[in-house]
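Examining the three-dimensional arrangement
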Amino acid sequence: MDRKALREAVESELEGNLLPFWRERSLDTARGHFIAEMANDGTVREDAPRGLILNSRLLWTFSALYRQLRDDRDLELARRAYKHLEGSFRDREHGGYFWRVDADGRPVDRSKKIYGQAFCIDALSEFHLATNDPAPLEAALELFELVERHACDPEFGGYIEARAADWSETPDLQLSDKDMVAAKSMNTHLHLLEAYTNLVSAIIDPRVVMRLNELIGIFGRHIIRREEGGLQLDHFFDEAWNLQSDTRTYGHDIEAAWLLCEAAEALRGEELREVANLWAIELARSVLAEGLDADGGLAYEGRNGRVINGDRDWWCQAEAVVGLWQTYALTGEVAFAEAAERIWAFIERKVVDRVHGEWFWRILVDGSPDACEPKVSEWKG
């Protein structure tokens, strides 16, 4: 294990590939914001609709980069993303943010998917932390209140997946084509957890603190499940938290491992931190035992203790490096650090696109990149 070498490799990839790509090639200079879709070979689709997830993630990313690197280029791009989010996506009539707008910024899907609102809270909180501007914090708190008023389930706890444009009930609960139609999901709760953690970092509001604490409890009661091979996260549920799915995704499991620790840390409760740390360690052990391939890549999906989808998606690899390194920090067990290094080596060897820049979306089981998936899209940022 070589901590210095891993850090240098990560910094080299960030500074030599990822930052130049997103600082320069992601810009829509004609419209003054960001491109919506780019094919794997760099071809831009000019008429592609613009998704809330990509644009809120861009706002978070450039804000976080500016906080870390203090590079004015990132602050300028964070302001650009904030202007686009507020100018095109914000619903001035009903509050919250549209799920999708067209290439010119007109809403084409006005629904309020709570997953998307969570990313907005996270991004607005980060932009406030980067700039000390009160306006994004006010917007984040306003959105928090809307989510709590309209999506929180007072009977069974947790949050309903989606609401209509005016925040009324809707049967359209599916997040994406690959997701189940279900009242509640692990994924939405995971990113609300992430968003409320960042909001607590921006302002100590007693109601946000209470809701974040409740979210951690929901994971313990309903989402984290103990199987023979260790802990894993369940995916989809009905309103009463009856399980509707039977698979796990290793990327989400290792992502939750470190997000739960961050949430507990933000709440500053020693007992809560100890519980979250134990969950994180057990989730990491389970992911490592079941999902890590011999070539160093992390598989996508499993069921009943075995891999059922061995493709290696870009985000799963990134989450695994973070989550496994954190588990090494918690335990001192070198096996976790070595696994993080192996996955990083897989990223450098297979996932980084040495021809067109950035990362491939997916590496197939045979080791080849899935060239059909876009380089930039609503779900790839």
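All of the points below concern the structure found in this document. Nothing here was measured: the structure is a model prediction, and the numbers come from that model.

1. Comments concerning the overall build of the chain
Scanning the chain from terminus to terminus reveals 11 helices and 16 strands. Considered along the principal axes of its C-alpha atoms, the chain spans approximately 50 × 50 × 35 Å. Across the 381 residues in the chain, those meeting the buried criterion constitute 58%. Summarising the internal contacts of the chain: among those between residues at least 6 apart in sequence, 62% fall at separations of at least 24. As displayed, the chain has an accessible area near 16,300 Å², and 48% of this comes from carbon and sulfur atoms.

2. Section: the sheet that holds strand E3 (residues 50-51)
Sheet architecture is open: 3 strands sit in the order E3-E4-E5, paired in antiparallel fashion. At either margin of the open sheet sits one strand with a lone partner, and together these are E3 and strand E5 (107-109). In the sheet, E3 pairs with strand E4 (residues 100-101) via 2 bridges, with the strands oriented antiparallel. Bridged to glycine 51 within E4 is arginine 100.

3. What about the nonpolar core?
Core analysis: the largest hydrophobic core is formed by 112 residues, its most contacted members being Leu59, Tyr97, Val147, Leu193, Tyr196 and Leu324. It is helix H8 (residues 250-267) that provides the largest number of residues to this core, a total of 11 residues.

4. Points about the pattern of salt bridges
Side chains that carry opposite charge are capable of pairing whenever their charged atoms lie near each other. Applying the stated criterion across every chain yields a total of 39 salt bridges. Across the salt bridge formed by aspartate 28 and arginine 31, the nearest N and O atoms sit 3.2 Å from each other. Judged by relative accessible area, aspartate 28 falls into the buried class, the value being 6%. Glutamate 142 is the partner of arginine 90 in a salt bridge, and the nearest nitrogen-oxygen pair spans 3.1 Å. With arginine 90 in the loop between helix H3 (72-89) and E4 and glutamate 142 in helix H5 (residues 134-150), this residue pair connects regions lying 52 residues apart in the sequence. What makes glutamate 142 partly exposed here is its relative accessible area of 39%. What you see here is one network of salt bridges that share partners, running through Asp28, Arg31, Arg50, Asp102, Asp104 and Arg106.

5. So, the sheet that holds strand E12 (residues 248-249)
The strand order E12-E13-E14 describes an open sheet built from 3 strands, whose pairing is antiparallel. Only two strands of the sheet have a single partner each, and these edge strands are E12 and strand E14 (306-309). Here strand E13 (residues 301-303) pairs with E14 via 3 bridges, running antiparallel. Note on E14: the bridge partner recorded for glutamate 301 is asparagine 309.

6. Some words on the packing of helix H2 (residues 52-69) against helix H4 (residues 114-131)
Axis separation between H2 and H4 bottoms out at 8 Å; the angle between their running directions is 25 degrees. In terms of axis orientation, H2 runs roughly parallel to H4. Crossing of H2 against H4: the hand is left-handed. Contacts between H2 and H4 involve Leu52, Ile53, Ser56, Arg57, Leu59, Trp60, Ser63, Ala64, Tyr66 and Arg67 on the former and, on the latter, Tyr115, Gly116, Gln117, Phe119, Cys120, Asp122, Ala123, Leu124, Glu126, Phe127, Leu129 and Ala130. Residue composition of the contact of H2 with H4, grouped by class: 14 nonpolar, 4 polar and 4 charged.

7. Structural notes on the pairing of strand E10 (residues 230-233)
Pairing analysis gives 4 bridges linking strand E9 (residues 224-227) to E10, with the strands arranged antiparallel. Residue pairing for E10: arginine 225 is matched across the bridge by glutamine 232.

8. Some words on the side chain of glutamate 358
Tracing the chain through its elements places glutamate 358 in the loop between helix H11 (334-351) and strand E16 (362-363). Glutamate 358 gets classed as buried once you look at its relative accessible area, which sits at 4%. For glutamate 358, the side chain forms a polar contact with the side chain of tryptophan 22, separated by 2.8 Å. When residues no more than four places from it in sequence are discounted, the contact partners of glutamate 358 are Asn17, Leu18, Phe21, Trp22, Val351, Val352, Asp353, Lys375, Lys380 and Gly381.

9. Some points on unusual backbone geometry
The phi angle at tryptophan 241 is positive, at roughly 70 degrees, despite the residue not being glycine. Of note, the phi angle at glutamate 358 is positive, near 60 degrees, even though the residue is not glycine.

Reading guide: rules and limits
- Residues numbered from 1 in each chain as written.
- Predicted model: local features only at pLDDT ≥ 70, side-chain atom pairs only at ≥ 80, totals over all residues.
- Heavy atoms only, no water.
- Helix = DSSP H or I, 4+ residues; strand = E, 2+ residues; numbered from the N terminus.
- Buried < 20%, exposed > 50% of the residue type's maximum accessible area, 1.4 Å probe, protein only.
- Contact = heavy atoms within 4.5 Å.
- Areas by Shrake-Rupley, 256 points an atom, 1.4 Å probe, with all protein chains shown as cover.
- Pairing = 2+ DSSP bridges.
- Core = buried A, V, L, I, M, F, W, Y, C linked by side-chain atoms within 4.5 Å.
- Salt bridge = Lys/Arg side-chain N within 4 Å of Asp/Glu carboxyl O.
- Axes fitted to C-alpha atoms, helices over the stretch in contact; angles between N-to-C directions.
- Parallel < 35°, antiparallel > 145°, perpendicular 65-115°, else oblique.
- Left-handed = near helix turned anticlockwise from the far one by under 90°.
- Nonpolar A, V, L, I, M, F, W, Y, C, P; charged D, E, K, R; others polar.
- Polar contact = N/O pair within 3.5 Å; in protein donor to acceptor, adjacent residues only side chain to side chain.

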